[in-house]
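Structural characterization, general
So you can see what is in the structure, the chains are spelled out below.
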Amino acid sequence: AALNDKASGRHIVSAHVMSILEMATILKTHFPNKLLIPRLTLPKSLAYLLGPFFGLSWQYINKNIGISFGLDHSYSIKDLGISYRPISETLVEHIKQLEEVKLI
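Scope of this entry: the structure provided in the associated data block. Residue numbering note: each chain is counted from 1, following its sequence as written. Residues qualify for local features only when their pLDDT is at least 70, as the model is predicted, and side-chain atom pairs are given and counted only at 80 or more; totals for whole chains, interfaces and linings, by contrast, use all residues. The side-chain numbers reported here are obtained from all heavy atoms of the structure, hydrogens and water having been left aside.

The next thing to look at is the overall build of the protein chain. Each helix and strand counted, the protein chain has five helices and zero strands in total. Projected onto the principal axes, the alpha-carbon positions of the protein chain cover approximately 50 × 35 × 20 Å. Only protein chains enter the accessibility calculation, which uses a 1.4 Å probe; a residue is then buried when its area is under 20% of its type maximum, exposed when over 50%, and partly exposed in between. Looking at the protein chain residue by residue over its 104 residues, the buried ones come to 16%. The criterion used for residue contact is that any of the two residues' heavy atoms lie within 4.5 Å. Sequence separation of 24 or more characterises 62% of the internal contacts of the protein chain that already satisfy a separation of 6 or more. Note that accessible areas follow from Shrake-Rupley with a 1.4 Å probe, and for residues the cover is restricted to the protein chains shown. For the protein chain, the exposed surface amounts to about 8500 Å²; the carbon and sulfur share of it is 61%. For the purpose of charge, His is not counted, nor are the chain termini; Lys and Arg are scored as positive and Asp and Glu as negative. To locate a charge, take atom NZ for lysine, CZ for arginine, CG for aspartate or CD for glutamate. Placing the 11 positive and 8 negative side-chain charges of the protein chain at their respective mean positions leaves the two points 8 Å apart. Numbering of helices and strands runs from the N terminus, with a helix taken as a DSSP run of H or I at least four residues long and a strand as a DSSP run of E at least two residues long.

Here it is in structure tokens:
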């Protein structure tokens, strides 16, 4: 938007909203047995029990854990002419880059 003189207003520039488990599923298919990737969703009741040990209040857990939301990025496509890449490509490239710089 900063480089487009015709851009106007505010834009959501996120192609997809997904959970950590959805990301993990994508990464497991591309990096089987290579990364320690979660396989299950932590039940909210267990989050209530363990959360305080990790600095999470019950109020935070109640308002954030298991709550999904959606984003509408159609305005960014129309106004900015953005075309979004598949999220699986982006995730796989991030992991490969982290491997190249020896962070994982």
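Opposite charge on two side chains lets them pair, provided their charged atoms get close. We define a salt bridge as a contact between a side-chain nitrogen of Lys or Arg and a carboxyl oxygen of Asp or Glu at a distance within 4 Å. A full pass over the atoms with the stated rule returns three salt bridges. A salt bridge links Glu99 to Lys34; its shortest N-O distance comes to 3.0 Å. In this pair, Glu99 is assigned in helix H5 (residues 87-100) and Lys34 in the loop between helix H1 (20-30) and helix H2 (44-50), connecting sequence segments 65 residues apart. Of the residues examined, Lys34 reaches a relative accessible area of 52% and is grouped as exposed. Of the charged contacts in the structure, one is a salt bridge between Glu93 and Arg85, with a shortest N-O distance of 2.9 Å. The class for Glu93 is partly exposed, based on a relative accessible area of 44%. What you see here is one network of salt bridges that share partners, running through Arg85, Glu89 and Glu93.

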